[in-house]
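In case you want the letters, here they are:
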There are 6 protein chains.
Amino acid sequence: MNSSVYVINPNSSQTVTAAIDAAVAPLRSVDGPGIVCLSLTEGPPGIQSQRDVDGVIMPMLRKASELEESAGAFVIACFSDPGLHALREQSRRRVFGIAECGVLTALTLGQRFGVIAILPTSVPRHLRYFGAMGVMDRFAADLPIGLGVAELSDEQKTLSRMIEVGRTLKSAHGADVLVMGCAGMARYRAALEEAVGVPIVEPTQAAVAMAVGHVRLSQAFTP
Amino acid sequence: MNSSVYVINPNSSQTVTAAIDAAVAPLRSVDGPGIVCLSLTEGPPGIQSQRDVDGVIMPMLRKASELEESAGAFVIACFSDPGLHALREQSRRRVFGIAECGVLTALTLGQRFGVIAILPTSVPRHLRYFGAMGVMDRFAADLPIGLGVAELSDEQKTLSRMIEVGRTLKSAHGADVLVMGCAGMARYRAALEEAVGVPIVEPTQAAVAMAVGHVRLSQAFTP
Amino acid sequence: MNSSVYVINPNSSQTVTAAIDAAVAPLRSVDGPGIVCLSLTEGPPGIQSQRDVDGVIMPMLRKASELEESAGAFVIACFSDPGLHALREQSRRRVFGIAECGVLTALTLGQRFGVIAILPTSVPRHLRYFGAMGVMDRFAADLPIGLGVAELSDEQKTLSRMIEVGRTLKSAHGADVLVMGCAGMARYRAALEEAVGVPIVEPTQAAVAMAVGHVRLSQAFTP
Amino acid sequence: MNSSVYVINPNSSQTVTAAIDAAVAPLRSVDGPGIVCLSLTEGPPGIQSQRDVDGVIMPMLRKASELEESAGAFVIACFSDPGLHALREQSRRRVFGIAECGVLTALTLGQRFGVIAILPTSVPRHLRYFGAMGVMDRFAADLPIGLGVAELSDEQKTLSRMIEVGRTLKSAHGADVLVMGCAGMARYRAALEEAVGVPIVEPTQAAVAMAVGHVRLSQAFTP
Amino acid sequence: MNSSVYVINPNSSQTVTAAIDAAVAPLRSVDGPGIVCLSLTEGPPGIQSQRDVDGVIMPMLRKASELEESAGAFVIACFSDPGLHALREQSRRRVFGIAECGVLTALTLGQRFGVIAILPTSVPRHLRYFGAMGVMDRFAADLPIGLGVAELSDEQKTLSRMIEVGRTLKSAHGADVLVMGCAGMARYRAALEEAVGVPIVEPTQAAVAMAVGHVRLSQAFTP
Amino acid sequence: MNSSVYVINPNSSQTVTAAIDAAVAPLRSVDGPGIVCLSLTEGPPGIQSQRDVDGVIMPMLRKASELEESAGAFVIACFSDPGLHALREQSRRRVFGIAECGVLTALTLGQRFGVIAILPTSVPRHLRYFGAMGVMDRFAADLPIGLGVAELSDEQKTLSRMIEVGRTLKSAHGADVLVMGCAGMARYRAALEEAVGVPIVEPTQAAVAMAVGHVRLSQAFTP
């Protein structure tokens, strides 16, 4: 087996890519598909606006095209799943989006999912996506922590705000499972779960787990 | 009053733009906002794939940016509403998508709307969009006429297929109003409506009508 | 062009009709359809109860019947859209309801719409209607300002309550667009929008804009 | 106990009222509430259009008002439930609509309900109502038998068409329970159920059963 | 007429069964079907967990099998409707679940139903069930009173908590009708309704009323 | 790492368990969690009825209890997910149901999922479950192949019927992804996918893939 799962972080931040890489490391096995995490050089430092989301699609498709031959599957590692359907159209490999997989995995862990977003402006974009996914009957709420880039570098503050928002999602909106609405924050997952008291889904892990499973199964059946 | 409604056809076809221009001509008034239809030079000849949809967003945003000052409203004249939310984010003007306005207008004309698509591959993209719009309880079906570019130039064949698909949407799927799932085909609307026997919404007309109304109202209240 | 858009206020209040007339004035053009606003003499002073809604249908149908020949379209200017489907059945012209058009227009301006109602007893009636429209996945909440007729004549108090309710719809229920759940209150729209910070739809304007567009288009194609 | 369940057939047909009376006879008990079926003199011979539905509301409310003192509950015996909410508003008694109760009872007998309508024009009206009821996820289809008044007097033809439509609802639309979309046709129920092979709900029986239960319970607890 | 409605309380508590018996007593008539309430000896003292729900199904089916010949209908008197579909499959009689009938009856009394649960852990189970019923568009919220067995024996405390939760469901979640999410608590119904100011459905009464109606109708038509 | 994924086939058929074992074999890795497939001795030879589904829950819970200490996760390998929530309640490990995971995985592969069931009587049970999952907006149809046990042993006949049903789901119901509504039939997956031309999800593989991913991730973070 030598096909790889390519995890494309569509922003240019190496720090985020490194965090993703650490988060999915346990999914690597000695006899399984490689998991390669990479940044999109052409992407912005962070993906915040709808314009950012739409703007990374073309370069992401080009990057994926270069990787096609050695790919077993692709994972788009941004919670807006930019270019998910364009890449599905372009590639002969399966393509997993972290928002899609994160939410679907959450549906196995609770009856009403909440989402912890970073910015308020992302919330309507998420809602459109959950509507397209047809899962609004399972949706509790999507609330932002509302921290800017500078504040996000303060880990204690970030965790505190996540816990605060998570508790509101649970107590005021009835969420019994939460999805982290951002890639690269797996390091907060355990502490957040402990503090809020409901399962927390880290979406990159959810997507890569499904991708690895797919590659193993497809290689077995198409030798 | 001198603010214009800019109707951006995000493909590069002047023929389609001319057809749109003819379709919305009745919405022009001597004392109302101008209605300017334009093609996107950078766009593909036609928008067929998800890649086409995503690929026109950035040039469309640039074009809209140039027009911003003289714009009263924008209409994105492609049934996949490419870049709708990115343009809403970028512009201080209201932005109307023809798919959104076409479907919403259909909801005033029947209880279950059907859509006549061009290509089969557009159907799941439309379904995702109707899900994001939250209107699936009103949805009958979306069926393609399945004609390629060459065949579409045969007007009689195109109309025949549209009528055939429209009748199936009505009789087998219970649609009592239909939306034309494409820009630039207003010339078929009356014949189609006559033949199928349910109201037919031409989406560019639906969107421009709403845009003109908005510009008139906003100019009156913010002189 | 000489077909008119008849805007029927199904209550008997000339004050309300005058307010509607002022609200839609910007939609008049020198070469476009007339817009004629009228009160229903047989209607109650205000429409508050379900009985009021149902009771105006027959006189409204009679009035519309008298206007049929010179009509290009009808607009029913009460937020419960009384008799909407009976008039659609009776008339050869298109019929627009302000609740339907107000909500549909709101769907182009935000992902979750809230409604500012006048009376608490109207709320379940609105909910039934939004359910019939199939838009509950986009619905945030519908909250009443709870003022009686006497208090409504106090404009400052009315605006204050509207702002208060609008802010609750935004902050506690996640609405990012609001619909005024009543005809004749367009004079509050700009101040309300300014104070709450989300787009506000005045439903009579929304409906008349769509009606005018329709008349222009239909006259062009059926000379 | 002397409070009565008043079953108001809002059309003027004594034949229909007699058929309703026969259908609900088994629900009478010697020590239970009376069940009084009556026609609405002011009603049309049959309720077919939306105008018919809306037109009977005011006379129905007046009739119910006269009966209020001796009423334990009201049943509106027309499948469009005309005036249901206006009567709920007016009366201190509970009010049951046969469409509402027929559909809700069907939900206890199968997972997807189909409706056998009389006229094609009733179908969108039913759909709006099922949407307002919020039960579209359980809805299979609503199909008309399409017989006019003259043909409906041919019982064999009527039953044959009902069976035909019932079988289509079952096989082509996946309905596993059917509701008769009309009052006064209980005499066909057993034969229809036998022929189609799924449970058939006669909506007047469903509504009166719930009304009788309510009157018994309310009298016990409010002596 | 001698067929009975068997009301099976699937827990072993004679106290609860006696309370159910008292609640449904007004539904007995001298010439109607008997109503026999019984406890399930093999059941737990109370049904609290999903394991309790699933664990009573097999003994309940055995008990129902013994009663089949003399049964006119069955009512499963636990708000999780354990074994509802298995018993429907096994029996030739109709089977009514109190949760299903309680919620459906609530849909005739208000536009958004709230549920007063006993334990927090029951809430997601209820939500799954309401989802399976397809009624989430009518759902306001489901909140627990959160009292343990010992506290539930304190009637004043139980009523106080029910009132508190009922008021929250009404004011914060917009419920305009409430369902008691438990069997055997009919004695609180009137006081709760009085205190909260919206209709309260006692689900055992709702189900038995429908069952009695069904038995009367089926005996009349299949003599 | 030594925690195992226990895949419990809740029927007693060793043949089915062996087929499951073969299907999930590619998901084993030398350094990953063991995957142990086992039959439930107390289960019926096949799970066909709701009674079968409910009847296996208690023995399945007992079996899972014995395995708890060495378990990393459980997979319930029957398309009705019997006891899913009872086991989630009982166990400290995550529990995956093949129907839930099969459908959720399908949502990443197409916009409307169809299900190939074995027996017609399973269809309403599946629909209730999809309703509880809140995914009916993505549902195309669920159709049975309708073969009895004897016929199922004829592999060619079984595959032919699956293909036939799959093609109907695609062409008549608009499904663009299919889920095999049964465990132990992975051997047909590739041929079915080839013949129908849409992705086919084998639900046991989908569930075990998610379970393996979870065990790897949880072991890494809770050493």
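Since the structure is predicted, the reported quantities are computational estimates derived from the model, not experimental observations. (Residues numbered from 1 in each chain as written. Chains lettered and ligands numbered in written order. Predicted model: local features only at pLDDT ≥ 70, side-chain atom pairs only at ≥ 80, totals over all residues. Heavy atoms only, no water.)

(A) Inspection of the side chain of Thr105(E) at higher detail. Relative to the elements of secondary structure, Thr105(E) occurs in helix α5 (residues 98-106). Excluding anything up to four places from it in sequence, Thr105(E) contacts Met210(D), Val201(E), Ala206(E) and Met210(E). (Helix = DSSP H or I, 4+ residues; strand = E, 2+ residues; numbered from the N terminus. Contact = heavy atoms within 4.5 Å.)

(B) Inspection of the packing of aromatic side chains at higher detail. One pass over the full model with this rule turns up 24 aromatic pairs over all chains. Here the aromatic rings of Phe113(F) and Phe139(F) are separated by 5.6 Å at their centres, their planes lie at 65 degrees, and the arrangement is edge-to-face. Of this pair, Phe113(F) sits in strand β5 (residues 113-117) while Phe139(F) is found in strand β6 (residues 139-144), placing the two residues 26 residues apart along the sequence. Residue Phe113(F) is classed as buried on the basis of its relative accessible area, which comes to 0%. Accessibility expressed as a relative area gives 6% for Phe139(F), which makes it buried. What links up through ring pairs into an aromatic cluster is the set Phe113(A), Phe130(A) and Phe139(A). (Phe/Tyr/Trp six-rings, centres within 6.5 Å; stacked < 30°, edge-to-face > 60°. Buried < 20%, exposed > 50% of the residue type's maximum accessible area, 1.4 Å probe, protein only.)

(C) Representation of the sheet that holds strand β4 (residues 94-97) of chain B in the model. All names here are of chain B. Here 4 strands make up an open sheet; going across it, the order is β2-β1-β3-β4 and the pairing parallel. Either end of the sheet is taken by a strand with one partner, and the two such strands are β2 (34-39) and β4. Averaged over neighbouring strand pairs, the angle between their axes works out to 20 degrees when direction is ignored. Note: strand β3 (residues 71-76) against β4, 4 bridges, orientation parallel. Looking across to β4, one finds that Phe74 is bridged to Val95. Those strands touched by helix α1 (residues 14-24) are β1 (4-9) and β2, and its axis lies near 165 degrees from that of β2. (Pairing = 2+ DSSP bridges. Axes fitted to C-alpha atoms, helices over the stretch in contact; angles between N-to-C directions.)

(D) Up close: the environment of His85(F). Relative to the helices and strands, His85(F) is located in helix α4 (residues 84-90). Separated by 46 residues in the primary sequence, His85(F) and Gly131(F) place their C-alpha atoms 16 Å from one another. One polar contact links His85(F) to Arg128(E), side chain to side chain, over a distance of 3.1 Å. (Polar contact = N/O pair within 3.5 Å; in protein donor to acceptor, adjacent residues only side chain to side chain.)

(E) Quick look at the relation of the copies chain A and chain F. Between chain A and chain F, the superposition needs a rotation of 180 degrees and an axial shift of 0.0 Å, giving an RMSD of 0.0 Å. The transformation relating the two chain copies, once decomposed into turn and shift, fits a two-fold axis. In this assembly the copies share their binding face: 100% of the residues contributing to the interface of chain A also contribute to that of chain F. (Least-squares fit on C-alpha atoms with pLDDT ≥ 70 in both.)

(F) Local environment of the domain arrangement of chain A. Residue and element names in this part refer to chain A. Here the domain parsing of chain A yields domain 1 (4-97 + 204-221) and domain 2 (100-202). The C-alpha-based centres of domain 1 and domain 2 are spaced at 21 Å. Opposite the 21 residues of domain 1 that make contact, domain 2 presents 25 residues. When domain 1 packs against domain 2, close to 1,600 Å² is buried across both sides, 55% of that on carbon and sulfur atoms. If you sort the residues of domain 1 by the area they bury against domain 2, Gln48, Phe79 and Ala206 come out on top, with a joint share of 39%. (Domains from an automatic or database assignment. Buried area = accessible area lost by both parts, 1.4 Å probe.)

(G) Quick look at the relation of the copies chain E and chain D. With an axial shift of 0.0 Å and an RMSD of 0.0 Å, the rotation relating chain E to chain D amounts to 180 degrees. When the interface residues of chain E are mapped onto chain D, 100% of them are again interface residues, pointing to one common binding face.

(H) Expanded view of the sheet that holds strand β3 (residues 71-76) of chain C. All names here are of chain C. Strand order in the open sheet formed by 4 strands is β2-β1-β3-β4, with parallel pairing between adjacent strands. For this open sheet the edge positions go to β2 (34-39) and β4 (94-97), each flanked by a neighbour on one side alone. Taken over all neighbouring pairs, the strand axes of this sheet differ in orientation by 20 degrees on average, direction set aside. Across 6 bridges, the pairing between strand β1 (residues 4-9) and β2 is parallel. Bridged to Ser4 within β2 is Gly34. Along the sheet, helix α1 (residues 14-24) makes contact with β1 and β2, crossing β2 at roughly 165 degrees. Taken strand by strand, helix α5 (residues 98-106) contacts β3 and β4, and its axis lies near 70 degrees from that of β4.

(I) Local environment of helix α8 (residues 155-171) of chain A. Residues and elements named next belong to chain A. With 17 residues, α8 extends 24 Å from end C-alpha to end C-alpha; this agrees with the ideal 24 Å at 1.5 Å per step. Of the positions making up α8, those classed as buried are Thr158, Leu159, Met162, Ile163, Val165, Gly166 and Leu169. Where α8 is buried, its residues touch β5 (113-117), β6 (139-144), α7 (149-152), β7 (177-180) and α9 (189-196). The N-cap of α8, judged by a side-chain oxygen 3.2 Å from the amide nitrogen of Gln156 a few residues on, is Asp154. (Expected span 1.5 Å × (residues − 1).)

(J) Main features of the interface of chain A and chain F. Taken together, the contacts link 33 residues of chain A with 33 residues of chain F. For the pairing of chain A and chain F, the buried interface totals around 2,900 Å² over both sides, and the portion due to carbon and sulfur atoms is 62%. Contact with chain F buries area across many residues of chain A, yet Pro26(A), Thr108(A) and Leu217(A) alone supply 19% of it, more than any other trio. Between chain A and chain F we count 12 residue pairs in polar contact (both at pLDDT 80 or more) in total. Put simply, the parts of the chain that give the side of chain A that touches chain F at least two residues each are β4 (94-97), α5 (98-106), α6 (122-133) and α10 (203-221) of chain A. Residue contributions to the side of chain A that touches chain F peak at 8 residues, all from α10(A). Among the residues making up the side of chain A that touches chain F, the classes are represented as 17 nonpolar, 7 polar and 9 charged. (Nonpolar A, V, L, I, M, F, W, Y, C, P; charged D, E, K, R; others polar.)

(K) Here's a closer look at the pattern of salt bridges. Within this structure, the stated rule accounts for 65 salt bridges over all chains. Where Asp21(C) meets Arg28(C), a salt bridge forms, and the shortest distance between an N and an O atom there is 2.8 Å. A relative accessible area of 29% places Asp21(C) in the partly exposed class. We classify Arg28(C) as partly exposed; its relative accessible area is 28%. Bridged by salt links that share partners, the residues Glu68(A), Glu69(A), Arg92(A) and Arg93(A) form one connected network. (Salt bridge = Lys/Arg side-chain N within 4 Å of Asp/Glu carboxyl O.)

(L) Expanded view of the environment of Gly110(F). Residue and element names in this part refer to chain F. You can see Gly110 is positioned in the loop between α5 (98-106) and β5. Measuring from C-alpha to C-alpha, the distance between Gly110 and Cys37 comes to 29 Å, with 73 residues separating the pair along the chain. If we skip the residues at most four places from it in the chain, Gly110 touches Arg138, Asp176 and Val177.

(M) Representation of unusual backbone geometry in the model. Residues and elements named next belong to chain D. For Asp81, which is not a glycine, the phi torsion comes out positive at approximately 45 degrees. Take Asp81: it is sitting in the loop between β3 (71-76) and α4 (84-90). Its relative accessible area of 5% is what places Asp81 among the buried residues.

(N) View of the interface of chain E and chain D. In this assembly, 33 residues from chain E lie in contact with 33 residues from chain D. Between chain E and chain D, a total of about 2,900 Å² is buried, with carbon and sulfur atoms accounting for 61% of that surface. Considering only the surface of chain E that becomes buried against chain D, Pro26(E), Thr108(E) and Leu217(E) emerge as the three largest contributors, covering 19% of it. Inspection of the chain E/chain D interface yields 0 salt bridges. Where chain E touches chain D, the interface holds 12 residue pairs in polar contact (both at pLDDT 80 or more). Going through the elements one at a time, β4 (94-97), α5, α6 (122-133) and α10 (203-221) of chain E are the ones with two or more residues in the side of chain E that touches chain D. Take the side of chain E that touches chain D: its biggest share by element is 8 residues, from α10(E). Here the residues of the side of chain E that touches chain D are counted per class, giving 17 nonpolar, 7 polar and 9 charged.

(O) A look at the packing of α6(E) against helix α6 (residues 122-133) of chain F. At a minimum axis distance of 6 Å, the contact between α6(E) and α6(F) shows a crossing angle of 120 degrees. By the criterion of interaxial angle, the relationship of α6(E) to α6(F) is oblique. In this structure, α6(E) crosses over α6(F), and the sense of that crossing is right-handed. In this structure, α6(E) contributes Arg128(E), Gly131(E) and Ala132(E) to the contact, and α6(F) contributes Arg128(F), Gly131(F) and Ala132(F). Class assignment of the residues belonging to the contact of α6(E) with α6(F) gives a composition of 2 nonpolar, 2 polar and 2 charged. (Parallel < 35°, antiparallel > 145°, perpendicular 65-115°, else oblique. Left-handed = near helix turned anticlockwise from the far one by under 90°.)

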